[in-house]
Amino acid sequence: MHAPIPFKVLIPLAIASLAPAGAAVITLTAGEGRIDDPVTNVDDWTLDAGYVVSGSNAVIFEAGGDGTGVALVVIGSDLTVYQDRGDYQVASPADDSIFSIDISGFAGSVVSIRLDADLSTATDTLTLTATDGSSTVSDSFVLPGDVANIAGGNDTGFGLTAADLAGIDESTDMLQFNAASYKGTGADILRADSLAGILYVSEAAPASIPAPGSWGLVPEPSSALLIAFAGVIGGLRRRR
């Protein structure tokens, strides 16, 4: 006869059983691709990332690829999401979604970015937010149809393009990120000095976006000097 399980053990077991299957909190490594496709066939996930806004075009996060995929990229002064729902190597802009927020006001600063994907109801929504701690820009986009999955099994990239990218057949702006410089060890890959992130898969993200300073990133020295210099000039003008 087995000894009864102590009551204090039953409580953690009951709480654990409430967690969604496959729930995970994943620390992402800048400049590395993943072959485990963590958001494929997942209807609730959130990306939190810290990023040094440099003004250069860059890949922040991408999952899946051309055909079924989602990409978060920087194009000029816009932080842009492209969600591809077409067939592989077939242009399908009528079925795809793209939206952006302007981050030009954060140039030279560290920002926190949140991309939240909620596909759990008939109204599937992507929400994109960026903040420098004092100012925040955000936009939400309702996908044109109910989808169970927005990322195929085409690897996942953080700071780089892991395989191919959502939207490369539909947009020249997206096609540029399929170049060798955004893959492997290319010159345009974001590294740990400019990008950090956490992925919440079927797991509730914190209610608030992490503070930009919590990522341990610092602006490029030239940007920091320009900001400091502007402050000095402003102080001199006030004294006159």
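Model, not experiment: these values are computed from the prediction. (Residues numbered from 1 in each chain as written. Predicted model: local features only at pLDDT ≥ 70, side-chain atom pairs only at ≥ 80, totals over all residues. Heavy atoms only, no water.)

Residue placement: F158 occurs in strand β11 (residues 156–158). Those residues within four positions of F158 in sequence are excluded, and the remaining contacts are L28, T29, A30, G31, E32, L47, A49, I60, F61, L195, A196 and G197. (Helix = DSSP H or I, 4+ residues; strand = E, 2+ residues; numbered from the N terminus. Contact = heavy atoms within 4.5 Å.)

With that settled, the discussion passes to the pattern of salt bridges. Inspection of every chain in the model, using the stated rule, returns 2 salt bridges. Salt-bridge contacts for R34 lead to D36; the nearest nitrogen and oxygen are separated by 2.8 Å. Assessed through its relative accessible area of 43%, D36 is described here as partly exposed. D48 serves as the salt-bridge partner of R114, at 2.7 Å between the closest nitrogen and oxygen. Pair noted here: R114 is in strand β8 (residues 110–118) and D48 is in strand β3 (residues 44–52), with a separation of 66 residues, a long-range link. Given the relative accessible area of 12%, R114 is considered buried. (Salt bridge = Lys/Arg side-chain N within 4 Å of Asp/Glu carboxyl O. Buried < 20%, exposed > 50% of the residue type's maximum accessible area, 1.4 Å probe, protein only.)

Right, let's talk about the packing of aromatic side chains for a bit. Any two aromatic rings considered together are summarised by their centre-to-centre distance and by the angle between their planes. In total, this model carries 3 aromatic pairs according to the counting rule given. Here the aromatic rings of W45 and F61 are separated by 5.8 Å at their centres, their planes lie at 50 degrees, and the arrangement is tilted. With W45 in strand β3 and F61 in strand β4 (residues 58–64), this pair connects stretches of sequence that are 16 residues apart. In terms of burial, W45 and F61 fall into one category: buried. When the ring of F177 is compared with that of Y182, the centres are 5.0 Å apart and the planes differ by 75 degrees; the resulting orientation is edge-to-face. F177 gets classed as buried once you look at its relative accessible area, which sits at 0%. Y182 gets classed as buried once you look at its relative accessible area, which sits at 6%. (Phe/Tyr/Trp six-rings, centres within 6.5 Å; stacked < 30°, edge-to-face > 60°.)

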